[in-house]
Structure formats: structure tokens, C-alpha cells
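Structure at a glance
As a plain string of letters, each chain reads:
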Amino acid sequence: MNTATPVTAAVLPRGDRRWVGFRTIVIREFSRIVRIWGQTIVPPAITATLYFIIFGSLIGRRIGDMGGVTYMQYIAPGLIMMSVITNSYGNVVSSFFGAKFGRHVEELLVAPLPNWLIVLGYIAGGVVRGLLVGLVVTVIALFFTHLHVEHLLAVLAAVLLTAVIFSLLGFVNAVFAKNFDQISFVPTFILTPMTYLGGVFYSITMLPDWAQAVSKANPILYMVNAFRYGFLGQSDVNLGLSFALMTIAAAALFGLCVWLMEKGTGTRE
Amino acid sequence: MKALSLRQLSKTYRNGVHALKGIDLDVEQGDFFALLGPNGAGKTTAIGIIASLVNKTAGQVLVFGHDIDTDIEAAKACLGLVPQEINFNQFEKVSTILVNQAGFYGIPRRLAKERMEVWLHKLQLREKRDAVSRSLSGGMKRRLMIARALIHEPRLLILDEPTAGVDIEVRRSMWEFLRQLNDRGTTIILTTHYLEEAENLCRNIAIIDEGRIIEHDRMATVLRKLHSEVFVLNLRQPLSTAPDLPGYAVKLAEDGSIEVEVTKAQNLNDIFAALSARGLEVVSMRNKANRLEELFMRLVEGRDAETGQPKPAASA
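Residues numbered from 1 in each chain as written. Chains lettered and ligands numbered in written order. Predicted model: local features only at pLDDT ≥ 70, side-chain atom pairs only at ≥ 80, totals over all residues.

Brief notes about the overall build of chain A
Worth spelling out the cut-off: Numbering goes from the N terminus for both helices and strands, where a helix is a DSSP run of H or I of at least four residues and a strand is a run of E of at least two. We take the radius of gyration over the C-alpha atoms and set the globule estimate at 2.2 Å times the residue count to the 0.38 power. For every residue, the other C-beta atoms within 10 Å of its own C-beta are counted; 20 or more classify it as buried, 12 or fewer as exposed, and values in between as partly exposed. C-beta atoms are placed from the backbone. We call two residues in contact when their backbone-placed C-beta atoms lie within 7 Å.
Within chain A, the secondary structure is distributed over 11 helices and 2 strands. Taken against the 2.2 N^0.38 rule, which gives 18 Å for 269 residues, the C-alpha radius of gyration of chain A at 20 Å falls within 12% of a compact globule. With the principal axes as the frame, chain A shows a C-alpha extent of 75 × 35 × 35 Å. A buried classification covers 45% of the 269 residues belonging to chain A. Contacts in chain A between residues far apart in sequence, at least 24 positions, make up 82% of those at least 6 positions apart.

Laid out in C-alpha cells, this is it:
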């Protein structure tokens, strides 16, 4: 081992240094998604294909039209949203918990990065995977049905806010998780039932009054419907309320994640 | 200027363990400093707090004058940490780990790659650039962690047991590397279980035990506190019983050489004269290299755990 003169750096302004740091976290997250593509991209693509074949083609033909569109066209936005929710959440919870478990989260904790930037980096990683898988599922949907976009802005805003919210929820889960069981508990017992009952496969107008009231307490209903509105121009819930709820939830969860990092919960204990 | 300054640093964990009980510590810029202590003494907690891996309960930490409470980013930028446990992503390539770490410190990718080449060369890891890190040997993993800690060229490098579990050849080469790094101006703080390592490398030392600093001085001064040294004498004819040298404690070693404890009031000439008188010829001599270990044991065993003050001498 020897110590020749190292390459010296020009000291960048703080904003530029932070940008480099943020970009590095996102690149690392993206590399992880690509490196383990067999776990990140392929399974949701297979699941979505099965849903389209079974629910869309086979069962959907017997169901008939839903509000003037085929059943396949009705469930396609819901299935896309479901893959975005599952993958945004799954990416952050497994990546951040994996970093805690393997202790390489310390690489970030010792670096001069503010906590909000670390949270933002992981959320960006979750959003990238959510959108990437959402895009793959959209392409698969196009093999089965025609998708007409009625309100592009609503589609983009809904999918982005949903990916951000579930990435943040994945981060919270990873912060508190102490073992691998605890990172699969929430997706299995909370996320999946809420998604299935959040209007992915049906309109809540088909339900009795009491069930409609219960469904309206499910935040996923608002996300799925805002997204579906972007494609079909129809929604079971008030759109203004949907976007307001999503924006408030994203801001509140971001604040919570940064606070947990500042406090050191699960990381600096 | 002080590279590191700790004032009344305390840490109480949630389970009630009082790991640090208000320690004060100063490390000057350019120093090669040893922080020693038995397992559980609080070394890793102290390092964890300095490197922002553990939240402190109370006290102040200044890294090159930057307070970690008010100027954390500047403090972190001055610091490089080589932790005790492997903490890189074992699924990532060596090059990815180094370039990413540089990125976390705000070093642009192109410059990061240039730096990576330099440090890979310095730490003899060039051939392993594209290897997945989990495939590296134990010594290589340690060197990778050193390269990672140095990629942003910190002014203060903290190494927590860097040579644990590596073979003697790698250890020696790491010592030489660290010595050169220190000569070029990097302040180094080292914790180690190999007291010989601290004695060889470090100019100043602090000994921590049960959350308190029980010794903090120059290495030479600390070693002078030993009132005696043990010399190993190799004889032309190995002995089967220890010779009787009046006034000296003599022990027979397994290889037939003898170990003689010499106090400050005694001298080696008398020993040689006494051995010559018995017809014993000394062919070589060395100082038994565990002086620090002896001192360490005396200090740690001789302190009261509650007060941190020296224990009263036991009465017969």
C-alpha cells in the first residue's frame, strides 16, 4: 500500500453538492431495480397479464359494460394503479430495510447529506420503480384493450402522487421494521386488502349504502378513481377531494419521514 | 487546532445502559491517536456519536471546530470512518461502492472515478475493481472500507479496529499505509485490540473504561508510568530451571530463554554480571512487547467502576 498524492476536488457550492448526493442515491436505487429485474419488473408484469386474461378477457366478457366502457377498459386503470402502489411501496421498504439490515445505510448517515435529501432520494427510487412497472402494465393492457386518455394531467398527477405516498409509507414501514417479517406484514395484511377493496375491480355504486360509506374511508379508493377519471372521465368520488387528500397525505408523510430520520428512529439507535 | 474535541459527552441507551458518562477528549490536528478500552467500554459508542451513527444524550462534539449540533454537514465533510463491522452492500461491485460514496459527499461522478482509481491503487485493490464486494477476502474488505473512508479526502480518519481478523502481513502493510497517511497530514484516531499496534503507531492515547476516560496523555508518558520492564534474554545454552538472581524476578520461558523484570532502580549491567558469574552467556536480548498491555490491565483493573477513581489498595 502506498500514499501518492490524491486527486483533489474543486469544492462545489452546497446546493451542487446536495444535487450530486441526491442524484447518487437515485442512481443507486435505479441500479438496484435493474440489477434485480427478475424480482422488480418481471413478477408484476406476469401478475398483470394474468389479471387481464382472467378478469378482463374470461370473466369480463360475462360482466358486460361498466358505465359505457368494457369491463377490461374499466379495470385497466385500477390494475395499473395497483402495480404502482405495490411497487412503490415494495421498493422503498425493501431497499431501506435492506440498507439497515446490511448496515450500508451508514454510508448515507455519515455523509454530509441532510435527512430530507436522504428521504427524497429513496422516495425518488420508489417513484421510479412504481412508474416503470406502471408503464410495463400499461403496455400489457394495450395488448388486451384500447386505452383512451381523457385527461392527461389527471392521469399524471394521480399516478405521481400515489407513487410518492406509497413510497413514503414504505419508508415509514422500513424505519420501524426490525426483521423481514415486519416488512411483509403491512403489504400482506393491510395494503393488499385495501387495494382490492379500493375500487380496482368494481364501482362502489354497485355496493349497498353501508359498504359504500365504508369504502369511502379507504384512501386507495380516491387514488384509483382520480386515475380512472384521467382515462375514462368518470369517478365514484369527488376529484377535488381526491387530489386534496393525496397532496395533504404526501406532505404529511414526507414531514413524518424526515422527523423520524432527524430523531434517529430505527437508524441511530 | 483541535481535530476533535469532546466535552461532557454522555450516552444512555433506551435499555438504560449508561455507555458514556461525560467524557472530555481532545485530539490535535495531525495527531495519531489511540483510543483503547476493553469490550463494552464505550469506544464504539463514542465513535458512533462523532460520526452521526448514534444520537448523543448530552455533551458537545466539535470536528475541526464544527459543532455536530449546529454545523453537522461541515463536521461530516471533515470526517472519514472505517467501522468495526463490514457495512458496505455486499451485492455491489467495489467500484460502485467507492463512486457512490464519493457521490454522497458531493463529489461529481467523473472526479469520483479518478479518485477511485487512485485509492484502489493505493490500497492494492485495482484488480478487484469489478469484483462483487462479498467475494473479497477479509483483508480486502477492510482495505475497501479504508478506501471508501478516504475517497472524500477527510482531514480526520477514525478507524475502529481496522486490523481485526487480518493476517500479520496485511496488518503490517496497513500500519505502513496509515503512517504515511498521517505523515501527509491526516489526523488519525485508532481503536484496536492489538496494543502493540497502538504502541507502534500512536503518539497520544486515551484509555476508556466503563464510559469514562481513565487515562489521556502522550504515549511515551503513559508508558513511563510503568515502573518496570520485562526483558527476554536468549542464552547460548537453554536452561531447564530459572537461575537465581538476587533482587530480580526471573522466569524461565518454554524455549529455555529467561524473562527478567527490571525496575527503574535496577540496571542491566548487574544482570549480565550475575549471569556471567554463573557461566551463562547471553546471545541476544529483546524487550517484551506488551508494555501497553500490562499498563492497560493495571489501569482497567485498578479503577473503581462507579467513581472512576483508583481503587484503594487491598489490605491483607
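Some details on the overall build of chain B
Secondary structure assignment for chain B yields 10 helices and 14 strands. Buried residues in chain B amount to 39% of all 316 residues.

So, the sheet that holds strand E6 (residues 79-82) of chain B
All names here are of chain B. Our working rule: For two strands to be treated as a pair, DSSP must find no fewer than two bridges joining them. Lines fitted to the C-alpha atoms define the axes, with helices restricted to the stretch that makes contact. Angles between their N-to-C directions range from 0 to 180 degrees.
Taken together, the 6 strands give an open sheet; going across it, the order is E6-E7-E8-E3-E9-E10, and neighbouring strands pair in mixed fashion. Looking at the sheet topology across the chains shown, the edges are occupied by E6 and strand E10 (212-218). For this sheet, the mean inter-axis angle between neighbouring strands, taken without regard to orientation, is 15°. Alignment of strand E3 (residues 32-36) against strand E9 (residues 204-209), held across 4 bridges, turns out to be parallel. What sits directly across from Leu35, in E9, is Ala206. The strands touched by helix H1 (residues 43-50) within the sheet are E3, strand E7 (156-160), strand E8 (187-191) and E9, with E7 carrying the most contacts at an inclination of about 145°. Its contacts with the sheet put helix H5 (residues 138-150) on E6 and E7, and the angle it makes with E6 is roughly 170°.

Overview of the packing of helix H4 (residues 71-101) of chain A against helix H6 (residues 115-144) of chain A
All names here are of chain A. Rules: Roughly parallel refers to an angle under 35 degrees, roughly antiparallel to one over 145, roughly perpendicular to one between 65 and 115, and oblique to any angle outside these ranges. Handedness of a crossing follows from how the near helix is turned relative to the far one, being left-handed for an anticlockwise turn of less than a right angle and right-handed for a clockwise one. Polarity classes work like this: nonpolar for Ala, Val, Leu, Ile, Met, Phe, Trp, Tyr, Cys and Pro, charged for Asp, Glu, Lys and Arg, and polar for all others, with Gly in that last group.
Viewed as axis vectors pointing N to C, H4 and H6 meet at an angle of 150°, and their least axial separation amounts to 8 Å. By the criterion of interaxial angle, the relationship of H4 to H6 is roughly antiparallel. Pair H4 / H6 crosses with right-handed handedness. Residues belonging to the contact of H4 with H6 are distributed by class as follows: 15 nonpolar, 10 polar and 1 charged.

What about the domain arrangement of chain B?
Quick note on the threshold: Domain ranges listed in this record stem from an automatic or a database domain assignment.
Domain annotation of chain B identifies domain 1 (2-220) and domain 2 (226-292). A C-alpha centroid distance of 40 Å is found between domain 1 of chain B and domain 2 of chain B.

Examining the interface of chain B and chain A
By a widely used convention, the size of an interface equals the accessible area lost when the partners come together. Taken together, the contacts link 39 residues of chain B with 28 residues of chain A. For the side of chain B that touches chain A, the elements supplying multiple residues, two or more each, are helix H2 (72-77), helix H3 (94-104), helix H4 (109-122) and helix H6 (168-183) of chain B. Partitioned by chemical class, the residues of the side of chain B that touches chain A number 17 nonpolar, 12 polar and 10 charged.

Description of the environment of B:Lys21
All names here are of chain B. Residue position: Lys21 is located in strand E2 (residues 18-28). Assessed through the 17 C-beta atoms surrounding it within 10 Å, Lys21 is described here as partly exposed. Expressed as a C-alpha distance, the spacing of Lys21 and Gly103, which sit 82 residues apart in the sequence, is 36 Å.

Structural notes on the pairing of E2(B)
Residues and elements named next belong to chain B. Bridge analysis of strand E1 (residues 2-12) against E2 gives 8 bridges, and the strand direction is antiparallel. Note on E2: the bridge partner recorded for Ser5 is Asp26. Here E1 folds back onto E2, and the loop between the two strands holds 5 residues, one of which, Gly16, carries a positive phi near 95°.

What about helix H1 (residues 14-35) of chain A?
In an α-helix there are 3.6 residues to a turn, and that puts residues three or four apart on one side. Counted only if it meets this: One fewer than the residue count of a helix, multiplied by 1.5 Å, yields its expected span.
In this model H1(A) runs 31 Å from its N-terminal to its C-terminal C-alpha over 22 residues, within 8% of the 32 Å that 1.5 Å per residue would give. Regarding H1(A), the residues found buried are A:Arg17, A:Val20, A:Gly21, A:Thr24, A:Ile25, A:Arg28, A:Glu29, A:Arg32 and A:Ile33. Tucked into the core, H1(A) has its buried residues touching helix H2 (37-40), H4 and H6 of chain A together with H3 of chain B.

Section: the nonpolar core
The condition is simple: What we call a nonpolar core is a set of buried Ala, Val, Leu, Ile, Met, Phe, Trp, Tyr and Cys residues whose membership is set by joining through C-beta atoms within 7 Å.
Counting 150 residues, the largest nonpolar core has A:Phe171, B:Ala147 and B:Ile158 as its most contacted members. When residues of this core are assigned to their parent elements, the largest contribution, 17 residues, is made by H4(A). Among all residues touching B:Ile158, those that are not within four sequence positions of it are B:Ile47, B:Ile50, B:Ala51, B:Leu79, B:Leu81 and B:Ile189.

Considerations on the sheet that holds E1(B)
All names here are of chain B. Read from one edge of the open sheet, 4 strands run E2-E1-E4-E5, paired in antiparallel fashion. Where the open sheet ends on each side, the last strands, each with one partner, are E2 and strand E5 (66-67). Both E1 and strand E4 (residues 58-63) contribute to a ladder of 5 bridges, which runs antiparallel. Counted as the bridge partner of Ser10 is Ala58 from E4. Against the sheet, H1 contacts E1, E2 and E4, and its axis sits at roughly 115° relative to E1.

What about unusual backbone geometry?
Look at A:Arg103: it is not a glycine, yet its phi comes out positive at around 70°. The residue B:Gln8 is not glycine, and still its phi comes out positive at about 50°. You can see B:Gln8 is positioned in strand E1.

Looking at the environment of A:Asn87
All names here are of chain A. One can find Asn87 in helix H4. Judged by C-beta crowding, with 30 C-beta atoms within 10 Å, Asn87 ranks as buried. Distance from Asn87 to Gly170, taken between C-alpha atoms, is 9.7 Å for residues 83 residues apart in sequence. The residues contacting Asn87, other than those within four sequence positions of it, are Pro44, Arg129, Gly130 and Val133.

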